[in-house]
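# Observations on chain architecture
Residues per chain, in single letters:
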Amino acid sequence: MTYYADLTPYTYDTDRSSPGTGQTAGPGETAGPGETDGPASRAFRGLPQVNVGWLARVRPYAKGDAPPGLVDALKGMRHTHRVEQTRGYHFCPWCAARLLGLVGARDNCPRGSAEIRVIGEGVVYAAPELITHYVEAHGYAPPAEFVRAVLASSG
Ligand SMILES: [Zn+2]
């Protein structure tokens, strides 16, 4: 999957690279009928979206111990804050590399196809479903403001 630095603007519409999906909404357009966004993502319209957790194996990322409750909160969000809008089906780059060449590797590799949205202060954080795995298995430390938003919205 593509690398996006944390807290950069989320540019889903403009960097979509798979032609022929029939979804041609441009930047700033609202989704029309037929979009599969859930109610959660509709509530985010109007707020700028920023990237969190779009890691790549060749890029350094912030590491640290996960704050108490973060992993559990993120796991819960896979259901409550999930949107189907997605940049594609992606595998964990580190686990994929480790499993390279092994029989059945694709089936055993952590993967995700959805994203989660978390409302922060004036922004919406757009993170891949795999962010939970990155935090739990690879020591990824998301930006503090994102962590705060996650813990706040999970109650
Ligand atoms: Zn992994």
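Quick notes on the rules
Residues numbered from 1 in each chain as written. Predicted model: local features only at pLDDT ≥ 70, side-chain atom pairs only at ≥ 80, totals over all residues. Helix = DSSP H or I, 4+ residues; strand = E, 2+ residues; numbered from the N terminus. Buried ≥ 20, exposed ≤ 12 C-beta atoms within 10 Å, placed from the backbone. Contact = placed C-beta atoms within 7 Å. Axes fitted to C-alpha atoms, helices over the stretch in contact; angles between N-to-C directions. Parallel < 35°, antiparallel > 145°, perpendicular 65-115°, else oblique. Left-handed = near helix turned anticlockwise from the far one by under 90°. Nonpolar A, V, L, I, M, F, W, Y, C, P; charged D, E, K, R; others polar. Core = buried A, V, L, I, M, F, W, Y, C linked by C-beta atoms within 7 Å. pLDDT = per-residue confidence, 0-100. Arc of directions from axis to C-beta.

### Quick word on the overall build of the protein chain
In terms of regular secondary structure, the protein chain is built from six helices and six strands. Written out in order from the N terminus, the α and β elements of the protein chain read α-β-α-β-β-α-α-β-β-β-α-α. In the protein chain, which comprises 155 residues, the proportion classed as buried is 26%. A separation of at least 24 residues holds for 76% of the contacts in the protein chain among residues at least 6 apart in sequence.

### Re the packing of helix α2 (residues 70-80) against helix α6 (residues 144-153)
Where α2 meets α6, the axes come as close as 9 Å, and the angle between the chain directions of the two elements is 65°. By the angle between their directions, the pair α2 and α6 is classed as roughly perpendicular. Judged by the sense of rotation from one axis to the other, the crossing of α2 with α6 is left-handed. Of α6, the residues touching α2 (which contributes Leu70, Ala73, Leu74 and Met77) are Val147, Val150 and Leu151. Counted by class, the contact of α2 with α6 contains seven nonpolar, no polar and no charged residues.

### Things to note about the nonpolar core
Membership of the largest hydrophobic core comes to 27 residues, with the highest contact counts inside it found for Val118, Tyr125 and Val150. If you list the elements that add at least two residues to this core, you get α2, β5 (115-119), β6 (124-128), α5 (131-138) and α6.

### As for the environment of serine 113
Tracing the backbone through its elements, the reader meets serine 113 in the loop between β4 (111-112) and β5. Residues serine 113 and arginine 87 lie 26 residues apart in sequence; the distance between their C-alpha atoms is 7.7 Å.

### Describing the confidence of the model for the protein chain
Averaged over every residue, the pLDDT of the protein chain is 80; residues scoring 70 or more account for 75%. Confidence drops under pLDDT 50 across residues 14-35; counting only partners more than four residues distant or on other chains, this segment forms seven contacts.

### A look at α6
Every buried residue of α6 is accounted for by Phe146, Val147, Ala149 and Val150. Projected down its long axis, α6 carries its buried residues within an arc of 160°, all on one side. Taken together, the buried residues of α6 touch α2, β5 and β6.

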